[in-house]
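# Observations on the three-dimensional arrangement
For reference, the chains in residue letters:
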Amino acid sequence: MNLWQLVCKEIRFRKISFLLGLICVAVAIASLVGSITLLHAHDVRTEQILIERERSTREEMTRMEDDYRKIMRDLGYNVMIVPQEQNLAVLRAKGYPDACMPYEYVERLARGHVETLNHLLPVLQKRIEWPERKIDIILSGTPGQVPVYHKTQFLTEDRSAYRNPIMPPVPAGQLILGNSVAADLGLQVGDSVTLMGKMYSIRQVNPAEGTTDDIAVWCNLQTAQELLGLEGKINVILALECVCTPEALGAITQEVQRILPDVQVMEFSSRVKARAQARSRAEQAHATAIEAERNHRHQMRMERRLFASILIPVVLAGSAIWIFILMLSNVRERRIEIGILRALGVRESTIVAIFLSKAVVIGVVGSLAGYFLGLAVGALWGGVRLFSGDFVGLIRIPTLVIAILIATVLCVFAGWLPAFHAAQQDPAVILSDES
């Protein structure tokens, strides 16, 4: 009968002792592997949480940008481009430019890849008397926003218009009235009215602004050009400056004049700064939130690592002691069998090999059971679903090999002394004592 047959008979004969040894080793290795897996799972979840936070931050920043567009619509544009010859004192006095420039200028800007400019609104304005109604108005014609063609994220699929324009075009044959004009004339949406000999319907009445916009009458650009006899002309291009930091103020002038050297660029810097500073504060708030989450997760990891550094040595030491007790108890219970084997001429090395081989079997089988148990518990505790892609990523062959080696060495070390004690017993003394 060879060694492994003897070991198998020994295991079958002492099933309870063998099972208790397996449980002991499995618990020890499960604690070790579970702690390691928990830390790895924690790192995986931390990475996922930070990625999710950063993704939500990007989405929030995108939503915030859209909100800024709406806010800036309400506040008014923050860049005004007028002809070079425009007298600024006259502009301030009248509230609109009196010099003109070709409509083609806005097309050149739209195709000029100006990074700090968006939402171009060409306008033709002139203060006139409404002949039929005998009141002063500022006749304002616009085609609506002209798309900045390289900023495709804001445009329709054919890049011909904005998906959500700040100011849509005014259809031909319709007017938009300032609040004061509508109130003075008693006009409402849907009414028909004659302006300079032509019939129009009222499309919209703007809310009160407390500015010259309250006496503006908006119409299609081509209509305004025909009524004023200024075909192909505009006198102002309004735009939003898209700087992200106040330090970038002033760059827009150079960019615009690179394309249109014969214009003046005026920035309403307080609005630009307010927008940039609000965006910067929002970014800082998101960065602070992500950093706080990172620190919180790091603190949790350190606490779990400290817990593991205390738990693992205690469990391993307890398992070694328990295996030692089991092996020693087994030796004492098997004194007669050991004495008979020695009397039959079985060598001491064979006796030692039987008990140590049993210890190796306990170590290998127990470590395999403990590895997968610890893997499952550590993953679940760390928030990773079983059999998911992240769970498969937690299975690490080097860790399994190390667990088997640790368990085997632990069992051999704990079983060495009882095995050596069994082999050293004198068969004559054992048999005489039992007799």
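Up top is the structure.
Rules of the game
- Residues numbered from 1 in each chain as written.
- Predicted model: local features only at pLDDT ≥ 70, side-chain atom pairs only at ≥ 80, totals over all residues.
- Heavy atoms only, no water.
- Salt bridge = Lys/Arg side-chain N within 4 Å of Asp/Glu carboxyl O.
- Buried < 20%, exposed > 50% of the residue type's maximum accessible area, 1.4 Å probe, protein only.
- Helix = DSSP H or I, 4+ residues; strand = E, 2+ residues; numbered from the N terminus.
- Expected span 1.5 Å × (residues − 1).
- Phe/Tyr/Trp six-rings, centres within 6.5 Å; stacked < 30°, edge-to-face > 60°.
- Lys NZ or Arg CZ within 6 Å of the ring centre and 35° of its normal.
- Core = buried A, V, L, I, M, F, W, Y, C linked by side-chain atoms within 4.5 Å.
- Contact = heavy atoms within 4.5 Å.
- Polar contact = N/O pair within 3.5 Å; in protein donor to acceptor, adjacent residues only side chain to side chain.

Here we come to the pattern of salt bridges. Summed over the entire model, instances satisfying the criterion amount to four salt bridges. A salt bridge links Glu107 to Arg111; the nearest nitrogen and oxygen atoms lie 3.8 Å apart. Exposure remark for Glu107: the relative accessible area of 24% places this residue in the partly exposed category. Measuring nitrogen to oxygen at the nearest pair gives 3.7 Å for the salt bridge that ties Lys198 to Glu226. Taken together, the positions of Lys198 in strand E7 (residues 198–205) and Glu226 in helix H6 (residues 221–228) put the pair 28 residues apart, joining distant regions of the chain. Assessed through its relative accessible area of 39%, Lys198 is described here as partly exposed.

Taking 1.5 Å of rise per residue, 34 residues should cover 50 Å, and helix H10 (residues 348–381) covers 48 Å from first to last C-alpha, within 8% of that figure. Immediately beyond the C-terminal end of H10, within one or two residues, lies Gly383, with a positive phi of roughly 85 degrees.

Applying the stated criterion across every chain, the model contains one aromatic pair. Ring centres of Tyr371 and Phe372 lie 5.1 Å apart, and the angle between their planes is 90 degrees; on these two criteria the pair is classed as edge-to-face. Over the aromatic face of Tyr149 sits the side chain of Arg111, whose NZ or CZ is 4.3 Å from the ring centroid.

Another aspect to go through is the nonpolar core. Taken as a class, soluble globular proteins show a tendency for nonpolar side chains to be buried jointly. Residues Ile81, Leu109, Leu117, Leu120, Trp130, Leu175 and Ile237 are the most contacted members of the largest nonpolar core, which totals 45 residues. Counting residues per element, this core draws most heavily on strand E3 (residues 117–130), at five residues. Apart from residues lying up to four places away in sequence, Ile237 is in contact with Val79, Met80, Ile81, Met101, Tyr105, Val106, Leu109, Leu120, Leu121 and Pro122. Counting residues in hydrophobic clusters, the runner-up holds 30 residues, among them Ile29, Leu356, Ala379 and Leu400.

Before going further, it helps to spend a moment on the environment of Leu155. In this structure, Leu155 sits in the loop between strand E4 (135–142) and strand E5 (174–177). In sequence terms Leu155 and Pro165 are 10 residues apart; their C-alpha atoms lie 9.1 Å from each other.

Turning to the side chain of Ser367, a few remarks are in order. Residue placement: Ser367 occurs in helix H10. Here the side chain of Ser367 touches Gly363 through a polar contact of 2.9 Å, landing on its backbone oxygen. There is a polar contact of 2.7 Å between the side chain of Ser367 and the backbone oxygen of Val364. Discounting residues that sit within four places of it in the chain, Ser367 has contacts with Val25, Ile29, Ile362, Ala403, Ile404 and Ala407.

Here we come to H6. Counting buried positions along H6 yields six of eight residues, so the element is predominantly enclosed. Within H6, the full set of buried residues consists of Leu221, Thr223, Ala224, Gln225, Leu227 and Leu228. Structurally, H6 contributes buried residues whose contacts are with E3, E4, strand E6 (192–195), E7, strand E8 (216–220) and strand E9 (233–234). Between the side-chain oxygen of the N-cap and the backbone nitrogen of Gln222 there are 3.0 Å, and the N-cap of H6 in question is Asn220. In the segment just after H6, Gly229 is the residue with positive phi, at about 70 degrees.

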